[in-house]
Amino acid sequence: MSRITNVAIAGVGGQGIILAGDIVAQAARSAGHDVKKNEVHGMAQRGGAVVSEIRYGKRIYSPLIPDGEVDVLMALELLEGLRHAHRVRAGGMVIANELRLPPAVRVPDSPEYPDDITERLRGAAENVAVVPAAELARRAGNARAANTILIGVLSRFVDLPVDAWKSALRMCLRPSLLEVNLLAFDLGRRRRKTAKR
Amino acid sequence: MSSVSPPALCALLSGDEAIARGAFEAGVLVATAYPGTPSTEILEALTECPGLRAQWAPNEKVALEVALGAALAGARAMASMKHVGLNVASDTLVTASYTGVRGGLVVVSADDPGMHSSQNEQDNRHYAHLAKIPLLEPSDSQEAKDFAVLGFELSEQFDTPVLLRITTRTAHSKSLVRLGERTERAAEGFSRDPAKTVMVPAHARRRHELVEARMAKLAEYAETCPLNRIERGDGRTGVIVSGIAYQYVKEVRPRASVLKLGLTHPLPERLIRRFARSVERLYVVEELDPFIEGQVRAMGVKLARAPTQARTGELSPSAVARFLGVRRRKSRAGAADLPPRPPTLCPGCGHRALLTVLKGLKVFVSGDIGCYTLGVQPPLRTMDTCVCMGASIGVAHGIEKVSGRSDNIVAVIGDSTFVHSGITPLIDVIYNRGATTVIILDNETVAMTGHQDHPGTGKTASGEPTHRLLLEDICRAVGVKHVSVVDPYDLRSTRELVRAALQRSEASVVIARRRCVLLDRGRVRRPFRVDAEQCVGCGQCLAHGCPAIADVTPPGSRRKQVRIVPELCAGCGVCAQICPEGAIVEAASGE
């Protein structure tokens, strides 16, 4: 039986999570897989926590990733990464943007934004890559291509051909943004030292 | 890995987009809706389709009536709405069951188990039972499209509206869909047949007989309907299932025998009995209410002993596994010590400015449905009731009738919500000599669902210019003598207008008009900054909860330290008006 790959993308509403999810889903589709993608939008967009889930393989039933079966968690923000880290399977991976975004509004009596997220991510998953995505994206020519840097990193750890990724970027992005994003994808994909494998 | 490329005419669509595609392919001529999560994208997708009219209605009842009219004139027509929208349209739905149709009529109800973006999680399958109409429940996007197409055919074949019920997970999940061509279907136009279309008692009595006969025919059809099928598994365990729950059952119990029901009202009784006899342990898996289970039990069919299924919240693969007794690896618990990240009003949101004024006036706030409902959260905490679309005005008026006071309560309602169902309660206030203060938060869009147009924006769903409904004109026309318009960014003027309205012994409307800041992104305003010399650390600027104002107080310090994040600041200047020390100032250019 061919294996199913489960990718979860977590972040803050407004960070481009849904678009990032579309790119991953289209890449899987371009490679000929059955794909399901799921997220909840609506109220969550207003600066709240958002998660998008993509599953691909020979035949996908549930659009929701079952508990503890996330292969790769891609976190666009550290706290949102930690919030979902327990869902990563044994031997799974976390790719996290090193960005810290404290919640816009502090709920009274709620815990402080943790200082030790990177350490805690390393405790939760066997492979953790913390990526300075904004800095790399600036190098590619636009700080807003940070998500594409992370997708580039992701592309090295899931089994999809590079052409599938590039065709997904072409499908999902405006032509004016394509060049910088293709560059960002390559920067992310070429990044060494992303994780102990 | 499969190396076969997907066929060219195959697309990754959400359930909503797939329903729109199905309606397009089925030759729909008229599609109407009122925006509501998770249904909004159905009509949005249809506005892109050639050859049909896709339009926003002021509310769901009107949407369904327009669709019914189109269907009676022989066109295929569709009305789509969220679950609570069907409450609004239910009056039309139940009698439309009596009139029946000419062209196919599909009503889409997008339910929200788990209440991701809703005020309740009612199970709208009950409406099919109440209205005595067929009910279709797709489980993925391909089915969403196919069921929509079949829905139009069934509607015409059985002369009935058809309820197509999806949930948030089917509406917002994307999966692969094979695309087909559109079949054009001309409408023959309306022709007179009062016995069918004029529901006076004498006609309606005869129509009700026909409705019951129709249900009997539909029940017979359900036995052989291709949407109801048995997937034979290892034989011992059998599961009756519909909608998204089917996917969860296949995920966690791939070898179970499954009776997959796509047409879930009326139920195929003989098929269910046959399936029950063929398995040793029979389960019904469904989300929310025991809609199928109750009917299966009433047939006298014996179900396996199983843990009680939750009647609240969403199903998940894990919940279905527990119910079916499937052992799975124990999952880890999430970290319990993380700060939550609830949604908030955006920096520069006019609603925040208005709610800040109301907080200062210490009034009760009878609220409504929209972004401003987020005002219930700390630190604003300025919302005391929120029930359903349009309820704010009637509820405020009722409270006032009991307290005998109108100087300590306001109703707040958004522009689109006011048009949806706020006008009739305002008429009630005037008619019954109320002195209610109504504040219309006019951000010139339906913001919460993603910026749709409505009659007050002067643009149709497809972007054509149209008459712009002026809210102040409506208020004056129903008899409100004191109508004012203010920019909520101007805190002092807003406060004075609201205070004057509260003290008046007649009803007043204050329209707080400020375009949604997300629509105004192109407009660059200079951000504000905190002048550390002037700041006394009182923390009052934090009390209106703007995400651009960061609390950077060092641990242990009693004196607050704040920083305005320039990338987030929308430059509205509301915090500068709140600061008692004048310590918040516009940043110099280049700062």
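Caption draft 1: View of the overall build of chain B. A count of helical and extended segments in chain B gives 20 helices and 22 strands. Against the compact-globule benchmark of 25 Å for 591 residues, chain B has a radius of gyration of 27 Å, which places it among compact chains. A burial count over chain B gives 57% of its 591 residues as buried. Once local pairs closer than 6 in sequence are excluded, the contacts in chain B between residues at least 24 apart make up 75%. When the accessible area of chain B is evaluated, it comes to approximately 24,400 Å², of which 52% is carbon and sulfur surface. Between the centroid of the 72 positive side chains of chain B and the centroid of its 63 negative side chains there is a distance of 5 Å.

Caption draft 2: View of the overall build of chain A. Within chain A, the secondary structure is distributed over 7 helices and 6 strands. Reading chain A from its N end, one meets helices and strands in the order β-α-β-β-β-α-β-α-β-α-α-α-α. Rg of the C-alpha trace for chain A: 16 Å, near the compact-globule value of 16 Å for 197 residues, within the 12% margin. For the C-alpha atoms alone, the extent of chain A along its principal axes is close to 50 × 40 × 35 Å. Counting over 197 residues, chain A shows a buried share of 61%. For chain A, contacts bridging at least 24 residues in sequence account for 65% of all contacts bridging at least 6. For chain A, the computed accessible surface area is about 8,000 Å², with 50% contributed by carbon and sulfur atoms. Across chain A, the centroid of the 29 positively charged side chains sits 6 Å from that of the 21 negatively charged ones.

Caption draft 3: How the structure looks around the interface of chain B and chain A. Taken together, the contacts link 56 residues of chain B with 55 residues of chain A. Counting the contacts that link chain B with chain A gives 18 residue pairs in polar contact (both at pLDDT 80 or more). At the level of secondary structure, the elements contributing two or more residues to the side of chain B that touches chain A comprise strand E1 (10-14), helix H7 (168-172), strand E8 (173-178), helix H10 (245-252) and helix H13 (317-323) of chain B. In terms of residues, the side of chain B that touches chain A owes the most to one element, H10(B), which gives 5 residues. As defined by bridge partners, strand E2 (residues 34-39) of chain A adjoins E8(B) across 3 bridges and the pair is classed as antiparallel. Counted as the bridge partner of Lys36(A) is Ser175(B) from E8(B).

Caption draft 4: View of the packing of helix H15 (residues 391-403) of chain B against helix H17 (residues 423-431) of chain B. Residue and element names in this part refer to chain B. As a packed pair, H15 and H17 sit with axes 7 Å apart at the nearest point and diverge in direction by 25°. As the angle between them shows, H15 and H17 are arranged roughly parallel. The two elements H15 and H17 cross, and the hand of that crossing is left-handed. Residues Ile393, Gly394 and His397 of H15 lie in contact with H17, whose contacting residues are Pro425, Leu426, Asp428 and Val429. Tallied by class, residues from the contact of H15 with H17 come to 4 nonpolar, 2 polar and 1 charged.

Caption draft 5: Structural context of the sheet that holds strand E1 (residues 5-12) of chain A. Ordered by their spatial adjacency, 8 strands build an open sheet running E6(A)-E5(A)-E4(A)-E1(A)-E3(A)-E2(A)-E8(B)-E1(B), and the pairing between neighbours is mixed. Sheet topology places strand E6 (127-131) of chain A together with E1 of chain B at the edges, where each strand pairs with a single neighbour. When strand polarity is set aside, the average angle formed by the axes of neighbouring strands in this sheet is 20°. Each of E1, strand E4 (70-75), strand E5 (88-97) and E6 of chain A is contacted by helix H5 (residues 146-155) of chain A, which is oriented at about 155° to E4(A), the strand it contacts most.

Caption draft 6: The domain arrangement of chain B, seen in detail. For chain B, the assigned domains are domain 1 (10-224), domain 2 (229-323), domain 3 (350-520) and domain 4 (528-586). Using only C-alpha atoms to locate each centre, domain 2 of chain B and domain 3 of chain B end up separated by 46 Å.

Caption draft 7: Inspection of the environment of Gly350(B) at higher detail. Residue and element names in this part refer to chain B. Mapped onto the elements, Gly350 comes out in helix H14 (residues 350-361). For Gly350, a relative accessible area of 9% corresponds to the buried category. Once the C-alpha coordinates of Gly350 and Met389 are considered, the two residues, 39 residues apart in sequence, prove to be 20 Å apart. With residues near it in sequence (within four places) discarded, Gly350 still touches Pro488, Tyr489 and Arg514.

Caption draft 8: Just the pairing of strand E5 (residues 105-111) of chain B, in detail. Residue and element names in this part refer to chain B. Judged by how many residues are buried, E5 sits mostly within the fold: 7 of 7 residues are covered. Side-chain alternation along E5 places Leu105, Val107, Ser109 and Asp111 on one buried face and Val106, Val108 and Ala110 on a second face that is also buried. The pairing of strand E4 (residues 77-82) with E5 spans 6 bridges and is classified as parallel. Across the sheet, residue Lys82 finds its bridge partner in E5, namely Ala110. The pairing of E5 with strand E7 (residues 162-167) spans 6 bridges and is classified as parallel. If you follow Ala110 over to E7, its bridge partner there is Ile166.

Caption draft 9: Highlighting the side chain of Lys250(B). Looking at where Lys250(B) falls in the secondary structure, it is placed in helix H10. At 2.7 Å, the side chain of Lys250(B) forms a polar contact with the side chain of Glu231(B). Discounting chain neighbours no more than four positions away, the residues touching Lys250(B) are Tyr61(A), Glu231(B) and Val258(B).

Caption draft 10: Structural context of the packing of aromatic side chains. Residues and elements named next belong to chain B. Applying the stated rule across the entire model yields 3 aromatic pairs over all chains. For the pair Tyr283 and Phe323, a centre-to-centre distance of 5.7 Å together with 70° between the ring planes defines the contact as edge-to-face. With Tyr283 in strand E13 (residues 281-285) and Phe323 in helix H13, the pair connects residues that are 40 residues apart, well separated along the chain. The ring of Tyr246 has Lys260 lying over it, and the distance from NZ or CZ to the ring centre is 5.1 Å. Here Arg514 stacks its cationic end above the ring of Tyr489, 3.9 Å away from the centre of that ring.

Caption draft 11: Spatial organisation of H14(B). Residue and element names in this part refer to chain B. Over its 12 residues, H14 extends 17 Å from the first C-alpha to the last, a length consistent with the 16 Å expected when each residue adds 1.5 Å. Of all 12 residues making up H14, 10 are buried, and the element is well covered by its neighbours. Taken residue by residue, H14 has Gly350, His351, Arg352, Ala353, Leu354, Leu355, Thr356, Val357, Leu358 and Leu361 as its buried positions. If you follow the buried residues of H14, they end up packed against strand E14 (364-366), strand E15 (409-414), strand E16 (437-442), helix H19 (491-503), strand E18 (508-513) and helix H20 (574-578). Looking one or two residues past H14, Lys362 carries a phi angle of roughly 55°, positive in sign.

Conventions used here
Residues numbered from 1 in each chain as written. Chains lettered and ligands numbered in written order. Predicted model: local features only at pLDDT ≥ 70, side-chain atom pairs only at ≥ 80, totals over all residues. Heavy atoms only, no water. Helix = DSSP H or I, 4+ residues; strand = E, 2+ residues; numbered from the N terminus. Rg over C-alpha atoms; globule rule 2.2 N^0.38 Å. Buried < 20%, exposed > 50% of the residue type's maximum accessible area, 1.4 Å probe, protein only. Contact = heavy atoms within 4.5 Å. Areas by Shrake-Rupley, 256 points an atom, 1.4 Å probe, with all protein chains shown as cover. Lys, Arg positive; Asp, Glu negative; His and termini not counted. Charge placed at Lys NZ, Arg CZ, Asp CG, Glu CD. Polar contact = N/O pair within 3.5 Å; in protein donor to acceptor, adjacent residues only side chain to side chain. Pairing = 2+ DSSP bridges. Axes fitted to C-alpha atoms, helices over the stretch in contact; angles between N-to-C directions. Parallel < 35°, antiparallel > 145°, perpendicular 65-115°, else oblique. Left-handed = near helix turned anticlockwise from the far one by under 90°. Nonpolar A, V, L, I, M, F, W, Y, C, P; charged D, E, K, R; others polar. Domains from an automatic or database assignment. Phe/Tyr/Trp six-rings, centres within 6.5 Å; stacked < 30°, edge-to-face > 60°. Lys NZ or Arg CZ within 6 Å of the ring centre and 35° of its normal. Expected span 1.5 Å × (residues − 1).

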